[in-house]
Amino acid sequence: MSEEKKPAIKKIQATGHMRKIMADYFYELDNAMKQGSPKIAWCTSVGPAELLLSLGFLVYYPENHGAMLGSSRQAASYIPVANAIGYSPDICSYLTSDVGAFIKKETPLSRAYEGIEGVPIPDVLVYNTNQCRDVQDWFSWYSKELNVPALGISTYRNIGNITEDHLSSIEKQIKGLIPQLEEIGGNKFDIDKFRHILGLSYDCTQLWKKVLETNKSIPAPISFFDETIHMGPAVVLRGTETAVEYYEVLLQELEERVAQKEGAVQDEKFRVYWEGMPIWGKLRDLAEFFISLRTAVIASTYCNSWIFDSFDPDDPFMSMARAYTEIFIVRDENFKELYIEKMVDMYGINGILFHDAKTCPNNSNNRYGMPERLEKKLGIPALTINGDLNDLRCYSEEQAKTNIEAFVEQLANK
Amino acid sequence: MEYFVGIDVGASTTKAVILDKSAQILGHSVIHSGADFGAAAEDVLHKASVGLKKENLGRKIVISTGYGRRNVLFADLTKTEISCHAKGSYHYFQRAHTLIDIGGQDSKIIKIDDGGKRIGFKMNRKCAAGTGAFLEEIANRLKIKIEKLNGLAEKATKNVTIGSYCTVFTATEILTKIRQNIRVEDIVKGIFESVIKRALEMDLLEGNIVMSGGVVAHNPYFVKMCEQKLGKEIFVPPLPQLIGALGGALFALETKGGKHA
Ligand code: SF4
């Protein structure tokens, strides 16, 4: 099996639509900053965004900016800037590249969107440590730098069964944010508005789930690499009509592909699960490489992380506490293994690829023996490749590709 | 007669094996890869085919493997070095086994089942520790010719532990040992020990063990140390440095439905 001429990635027609709504989103933030209204909140990707939206904030997600720095391959010039002020090259490279870019007063936003000169300056920073501690450190830096308050929710980690105690503590913390947010944003909390936004967020994530699940079909209509791009609206626009509309369009396109048996990978032979962070600077390159190997990377923990089944407008606080606590990254090893097992079964997976991201231990689940345990239990091979979300100095192209190719040769030999 | 050729373009050396249709080795060669992998591949084939009929070389199937496999423009197919090493190793050792290959720039552990099927593999991570490059670097620092390492290690009388993962840290550690007047023989054995540890800790090593690669080819004492460490005999195939190229040639033979297909 060898890599052939660069194969074409099949274009997703909805991409134009997505670009437009993402552009509108960034211009809206930019205008708000320039006019001083509405107020802007920065939020972690799985933070209490719906609450912020209901209080009238526009919400900006630094992790999304981190991913842009990674995919535009600009991270390398910013990470060292953050290193120089004491943030180690071993910690989250979203943090280091984002902080470095801020210090250098540069952003990929200004390259992508004419007239935008910088990231939207926040009035408040709101984090949830459900994913990691780095987000708190990240927001604390901005809090000092910009002299704006950083508020947050501190979550339990490594949770097995979720108990009422876990949830009531998180619920209390979410409610506890309200008085300060009312003061900063200048709007009174309105439970009906909150319910409405939570409902929209639910609809968005359910459509996103359906989008992902189109890949249960053989051949799979969309690759993991495209999913990471089309996930954008689920991350930054959930809680809006715009996102719901977008996923209706995307879903329809993918369902048509399914009906026509049009796969993302021509002549799909193998189906692989991606466990871990994307390697943002190598999305296209890896997508093409897998196509050349007739291998479809079709499901991932990463893209699944924006499915929130529990959101319930009738019980908004508690259901939000549950939704942001039951996600994969917060759970214990046992839960994670069962989860992947379910995915392997659901998507007809032939092999699991673990990405050991140097600077994100939270999303590198290969480090405590999981690949070996899953191989034994599921009888399918697992591969670990070394790399990083943003810091391409931690990624060896040749080693990664040889490993992947040898892995596919092994799948072919089964 | 038709020839079946495997060319293994490694980061430090390029190897070629030429087989006839009954899988007999007709020629082989090892040269430095240098900076032009394509030229190295041509060169190594030329050297391996000395004495063979020129007209037959026109009728050959070539499979390239290794780091520079895609630079071999005259190859009919490419395969990864993982598959080729497994193939070559099973050719000599037709039982379930684990192959440990210590190459110039990487080391690999490949598990092969009773029928010759590859059931798992691991390649080392990004640093030189546990590879031939590490030995070269250290020999360089100690101003010793690389081919002298084996003889020196054999004469060691003490066990010296080199603890670092990293080549740069190791160099510093060695400086400390030199300052402490530790004999160079003991240091070299310590270096061997360190490469062995890095390579062996990559995976569980149960059952039969086969070793290949340049380090193994040139340092029999290294293999002896591995045997002591694992408490069992290790099988080293003939031409251990050429196992990947041999595997490539065997795959070439398979494409013709020849022996070992
Ligand atoms: S989960 Fe990982 S990538 Fe995401 S913010 Fe935390 S450390 Fe960074």
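Provided above is the structure to which this section pertains.
Criteria and thresholds
- Residues numbered from 1 in each chain as written.
- Chains lettered and ligands numbered in written order.
- Predicted model: local features only at pLDDT ≥ 70, side-chain atom pairs only at ≥ 80, totals over all residues.
- Heavy atoms only, no water.
- Near = heavy atom within 4 Å.
- Nonpolar A, V, L, I, M, F, W, Y, C, P; charged D, E, K, R; others polar.
- Contact = heavy atoms within 4.5 Å.
- Buried area = accessible area lost by both parts, 1.4 Å probe.
- Salt bridge = Lys/Arg side-chain N within 4 Å of Asp/Glu carboxyl O.
- Polar contact = N/O pair within 3.5 Å; in protein donor to acceptor, adjacent residues only side chain to side chain.
- Pairing = 2+ DSSP bridges.
- Helix = DSSP H or I, 4+ residues; strand = E, 2+ residues; numbered from the N terminus.
- Axes fitted to C-alpha atoms, helices over the stretch in contact; angles between N-to-C directions.

(A) The arrangement of the site of the ligand in detail. In the neighbourhood of the ligand, the contacting residues comprise A:C92, A:Y94, A:Q131, A:C132, A:D134, A:V135, A:M277, A:C360, A:N362, A:N363 and A:L389. Of the residues in the shell around the ligand, the class split is seven nonpolar, three polar and one charged.

(B) Spotlight on the interface of chain A and chain B. Tallying the contact residues gives 23 residues for chain A and 19 residues for chain B. The contact between chain A and chain B buries some 1800 Å² in all, and 44% of this surface belongs to carbon and sulfur atoms. Its largest share of buried area at the contact with chain B, chain A owes to A:E398, A:Q399 and A:Q410, together 28% of the area lost on that side. Our enumeration of links across chain A and chain B arrives at five salt bridges. Linking A:E409 and B:R118 is a salt bridge whose minimum nitrogen-to-oxygen distance equals 3.7 Å. Our enumeration of links across chain A and chain B arrives at 10 residue pairs in polar contact (both at pLDDT 80 or more).

(C) The arrangement of the sheet that holds strand β8 (residues 382-387) of chain A in detail. Residues and elements named next belong to chain A. Strand order across the open sheet formed by four strands is β6-β5-β7-β8, with parallel pairing between neighbours. The outermost strands of the open sheet, each flanked by one partner alone, are β6 (295-300) and β8. When the angles between neighbouring strand axes are averaged without regard to direction, this sheet yields 30°. For strand β5 (residues 270-275) and β6, the ladder comprises five bridges, and the chain directions are parallel. Pairing of Y273 across the sheet is with A299, part of β6. Across the sheet, helix α17 (residues 370-378) touches β7 (351-357) and β8, and the angle it forms with β7 is around 175°. Here helix α18 (residues 397-413) sits on the sheet and contacts β5, β6, β7 and β8; the angle it forms with β8, its principal contact strand, is near 170°.

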